[in-house]
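# Notes for the structure review
Here's the letter readout for the chains.
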Amino acid sequence: MSEGAKRPLKVAVLGCGSVGSQVVRLLGEQAGDLEARVGAPVELVGVAVRRLDGPRDVEVPDGLLTTDALGLATRDDVDLVVEVIGGIEPARSLILGALENGASVVTANKALLAEDGPTLFEAAAKAGRDLYYEAAVAGAIPILRPLRESLAGDKVTRVLGIVNGTTNFILDKMDTSGAGFSEALEEAQELGYAEADPTADVEGFDAAAKAAILASLAFHSRVTAADVYREGISEVTAADVASAREMASVVKLLAICELSPQGVSARVHPAMIPRSHPLASVHGAYNAVFVESEAAGQLMFYGPGAGGSPTASAVLGDLVTVARNRLADTRGAGESAYADRAVLPMGETLTRYHVAIDVDDKAGVLAAIAQAFADHGVSLQTVRQQGRGEDAELVVVSHEARDAQLSATVRALRSMEIVREVTSVMRVEGGDE
Ligand SMILES: NC(=O)C1=CN([C@@H]2O[C@H](COP(=O)(O)OP(=O)(O)OC[C@H]3O[C@@H](n4cnc5c(N)ncnc54)[C@H](O)[C@@H]3O)[C@@H](O)[C@H]2O)C=CC1
Ligand SMILES: N[C@@H](CC=O)C(=O)O
Ligand code: NA
């Protein structure tokens, strides 16, 4: 080492799948730039894998592979640990072990952060080390750092976004080609967007974990995945998509985090948004997040929310920050949960519904349907009849009401004699209230 040169910062990567392989690749390809940006060499000293002979998308330098992830994460010479295994265990034990042993940690693990973030943040604070996780929400899109740092002087009131690439791809396909859900899912799997078991994506668990992380940062409160109301897209039908089209709208799976005088709410569900809304033009596997804050107004963040290489970009960004902190013998901002706001139940949240109802086409039907809404304190924005006679369908869009009032109205409609079937129920976002 030349005089004045800094000792290398030693990095361990845990997991070498879609994201891990790209982290390893970038660490090799960008070594010179990383050294210049950090102020010291960044040296990969180990890669933990499940099987030494497994197929990999990157060539790992000789002697670096190990199946002993805990041994690597807690090695005394390791400064920085990148956890890209995913899931709850062993990821949690590995991160805790690394922090306790004095390493700083970068992770992309939204499932773990949303389930048990506070345990990890407390361990990082106790160890005086960093825990960074930009890749955990919306992949490459810088969204957590803006919330934690750039907007730290503002008051965020709402975060609204498309944060799951797989479901956006499926809904986009259903909209543009008229494909059914299963057909669109099959294509997403063929293209490698959806997992072989796509439940976490399709049923909204992945988006709900991201909503919990976004709400926690935006509102300085602890919000976990269990606090997030969640509905996936497996029940979205071609009829729902067609009904949205009739209204010049499109169906998107949205994550919505809101601040109100009573507390905060976080929810994930499919919703119709007008085609004129900027989120309507987010196509394929792309993500976009809207942030509304008191002083800044509206901000929009857009880009690739999934995929090995984009996600690795966010991991490397964190790695550089954490490495710089390490050299400066400091740490970045830790968890900020001082506001400790209550999380409101979904029933208390203000929403709007679009309801399509297959009815008998006879005098008085319209009035009876309108009365069912009025009985639950819900006022109507528009009522439209499609078809006649046997094919008659009423399409109702409500004004804003508590979600509990709206869902009670739908239950009442289903029990009415004049209603043959409630064919589509979907929340509406992004238009006039
Ligand atoms: N793939 C993506 O587009 C994105 C992924 N993420 C997150 O990144 C993390 C990694 O995701 P992917 O790379 O897509 O998953 P993956 O399944 O492709 O890779 C995980 C790897 O970890 C390995 N592994 C499992 N147990 C292990 C153990 N005990 N020791 C060592 N290796 C072990 C697996 O064999 C696999 O190769 C997850 O937390 C995921 O939620 C975040 C944003 C986007
Ligand atoms: N499966 C996720 C990947 C990134 O978080 C998605 O489809 O968005
Ligand atoms: Na991100």
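Not measured: the values here are computed from a predicted model. (Residues numbered from 1 in each chain as written. Chains lettered and ligands numbered in written order. Predicted model: local features only at pLDDT ≥ 70, side-chain atom pairs only at ≥ 80, totals over all residues. Heavy atoms only, no water.)

Our focus in this paragraph is the packing of helix 4 (residues 91-100) against helix 5 (residues 110-127). Where helix 4 contacts helix 5, the two axes come as close as 9 Å, and the packing angle between them is 10 degrees. The orientation of helix 4 with respect to helix 5, classified from their angle, is roughly parallel. Seen along the crossing, helix 4 lies across helix 5 with a hand that is right-handed. Counting all contacts with helix 4, which are made through Ala91, Arg92, Ile95, Leu96 and Leu99, the residues of helix 5 involved are Leu112, Asp116, Thr119, Leu120, Ala123, Ala124 and Ala127. A per-class count over the contact of helix 4 with helix 5 returns nine nonpolar, one polar and two charged. (Axes fitted to C-alpha atoms, helices over the stretch in contact; angles between N-to-C directions. Helix = DSSP H or I, 4+ residues; strand = E, 2+ residues; numbered from the N terminus. Parallel < 35°, antiparallel > 145°, perpendicular 65-115°, else oblique. Left-handed = near helix turned anticlockwise from the far one by under 90°. Contact = heavy atoms within 4.5 Å. Nonpolar A, V, L, I, M, F, W, Y, C, P; charged D, E, K, R; others polar.)

On to the coordination of the sodium ion (ligand 3), then. Those protein atoms acting as donors to the sodium ion (ligand 3) are Glu134 (O), Glu134 (OE), Val137 (O), Gly139 (O) and Ile141 (O), and they sit at 2.4 to 2.6 Å. Counting residues between consecutive donors of the sodium ion (ligand 3) along the chain gives the motif E-x2-V-x1-G-x1-I. (Donors = N, O, S within 2.8 Å, 3.2 Å for Na, K, Ca; no water.)

In terms of burial, strand 13 (residues 350-359) is largely enclosed, as nine of its ten residues are buried. Bridge count between strand 13 and strand 16 (residues 401-402): two bridges; the pairing is antiparallel. Of the residues in strand 16, the one forming a bridge with Leu350 is Arg402. The pairing of strand 13 with strand 17 (residues 419-428) spans eight bridges and is antiparallel. Of the residues in strand 17, the one forming a bridge with Arg352 is Val428. With five bridges connecting them, strand 13 and strand 15 (residues 393-398) associate as antiparallel partners. Across the sheet, Ala356 pairs through a bridge with Val395, a residue of strand 15. (Buried < 20%, exposed > 50% of the residue type's maximum accessible area, 1.4 Å probe, protein only. Pairing = 2+ DSSP bridges.)

Taken together, six strands build an open sheet; the order of strands is 3-2-1-4-5-6 and the sheet is parallel. Edge positions in the sheet fall to strand 3 (65-66) and strand 6 (131-132), since each has one partner strand and no second. Relative to strand 3, strand 2 (residues 42-48) runs parallel, the two being bridged by two bridges. The residue bridging Val47 from the neighbouring strand is Leu65, located in strand 3. On the sheet, helix 4 packs against strand 1 (9-14), strand 4 (80-83), strand 5 (104-107) and strand 6 and is oriented at approximately 150 degrees with respect to strand 5.

Okay, the site of ligand 2 next. Around ligand 2 sit Lys110, Asn164, Gly165, Thr166, Asp201, Asp206, Lys210, Gly305 and Ala306, and those are all the residues in its vicinity. Interatomic distance of 2.4 Å between a side-chain N/O atom of Lys110 and an oxygen atom of ligand 2. Contacts to ligand 2 include Asp201, whose side-chain N or O atom sits 2.8 Å from a nitrogen atom. Coverage of ligand 2 by the protein chains reaches 87% of its 250 Å² of free accessible surface. (Near = heavy atom within 4 Å. Polar contact = N/O pair within 3.5 Å; in protein donor to acceptor, adjacent residues only side chain to side chain. Areas by Shrake-Rupley, 256 points an atom, 1.4 Å probe, with all protein chains shown as cover.)

Bringing the UniProt feature "active site" (unreviewed entry) in the protein into the picture now. In the UniProt entry, the feature "active site" (unreviewed entry) is given for Lys210. Among the structural elements, Lys210 can be located in helix 10 (residues 205-219). Assessed through its relative accessible area of 4%, Lys210 is described here as buried. Those residues in contact with Lys210 that lie beyond four places of it in its chain are Lys110, Ala136, Val137, Ala138, Val163 and Asn164. (UniProt positions renumbered as here; feature names shortened; annotations may be inferred.)

A word on the side chain of Thr351. Structurally, Thr351 can be placed in strand 13. The exposure class assigned to Thr351 is buried, which follows from its relative accessible area of 1%. There is a polar contact of 2.9 Å between the side chain of Thr351 and the side chain of Asp403. Contacts of Thr351, omitting those with residues within four sequence positions, involve Arg267, Met346, His399, Glu400, Ala401, Asp403, Leu406 and Arg427.

Among the nonpolar cores identified, the biggest contains 76 residues, and Ile143, Leu147, Ile170, Leu214 and Val291 are the most heavily contacted of them. Looking at this core, the element that brings in the most residues is helix 10, giving eleven residues. Of the domains in this structure, domain 1 (9-139 + 309-327) and domain 2 (144-303) are the two that each give at least three residues to this core. When neighbours within four sequence positions are excluded, Ile143 is seen to be in contact with Glu134, Val137, Ala138, Leu214, Val289, Val291 and Phe301. Membership of the second largest hydrophobic core comes to 34 residues, among which are Val38, Ala40, Ala108 and Leu316. (Core = buried A, V, L, I, M, F, W, Y, C linked by side-chain atoms within 4.5 Å. Domains from an automatic or database assignment.)

Tallied over the entire structure, the rule returns two cavities of 30 Å³ or more. In this model, the largest cavity occupies a volume close to 210 Å³. In this structure, the largest cavity is lined by 19 residues; those nearest its centre are Phe121, Tyr133, Ile213, Ser216 and Glu335. Of all the secondary-structure elements, those providing two or more residues to the lining of the largest cavity are helix 5 and helix 10. Per element, the largest residue contribution to the lining of the largest cavity is five residues, and it comes from helix 5. Both domains that meet at the lining of the largest cavity, namely domain 1 (9-139 + 309-327) and domain 2 (144-303), each give it at least three residues. If you add up the space inside the second largest cavity, you get close to 40 Å³. Lining the second largest cavity, in full, are Ser104, Gly128, Arg129, Asp130, Asn325, Arg326, Asp329, Thr330 and Arg331. Looking at the lining of the second largest cavity residue by residue, the classes come out as no nonpolar, four polar and five charged. (1 Å grid on protein atoms, 1.4 Å probe; cavity = no way out; pocket = protein on both sides within 12 Å on 5 of 7 lines; lining within 4 Å. Points joined across faces, edges and corners; volume = space filled by probe spheres on them.)

Time to look at the packing of aromatic side chains. Per the counting criterion, the structure on display carries two aromatic pairs. For the ring pair Phe121 and Tyr133, a centre distance of 5.7 Å and an interplane angle of 45 degrees mean the geometry is tilted. Of the two residues, Phe121 sits in helix 5 while Tyr133 sits in the loop between strand 6 and helix 6 (144-150), which places them twelve residues apart along the sequence. In terms of burial, Phe121 and Tyr133 fall into one category: buried. When the ring centre of Tyr132 is taken as reference, the NZ or CZ atom of Arg148 above it lies at 4.5 Å. Of note, Arg230 hangs over the ring of Phe205, and the distance from its end group to the ring centre comes to 3.8 Å. (Phe/Tyr/Trp six-rings, centres within 6.5 Å; stacked < 30°, edge-to-face > 60°. Lys NZ or Arg CZ within 6 Å of the ring centre and 35° of its normal.)

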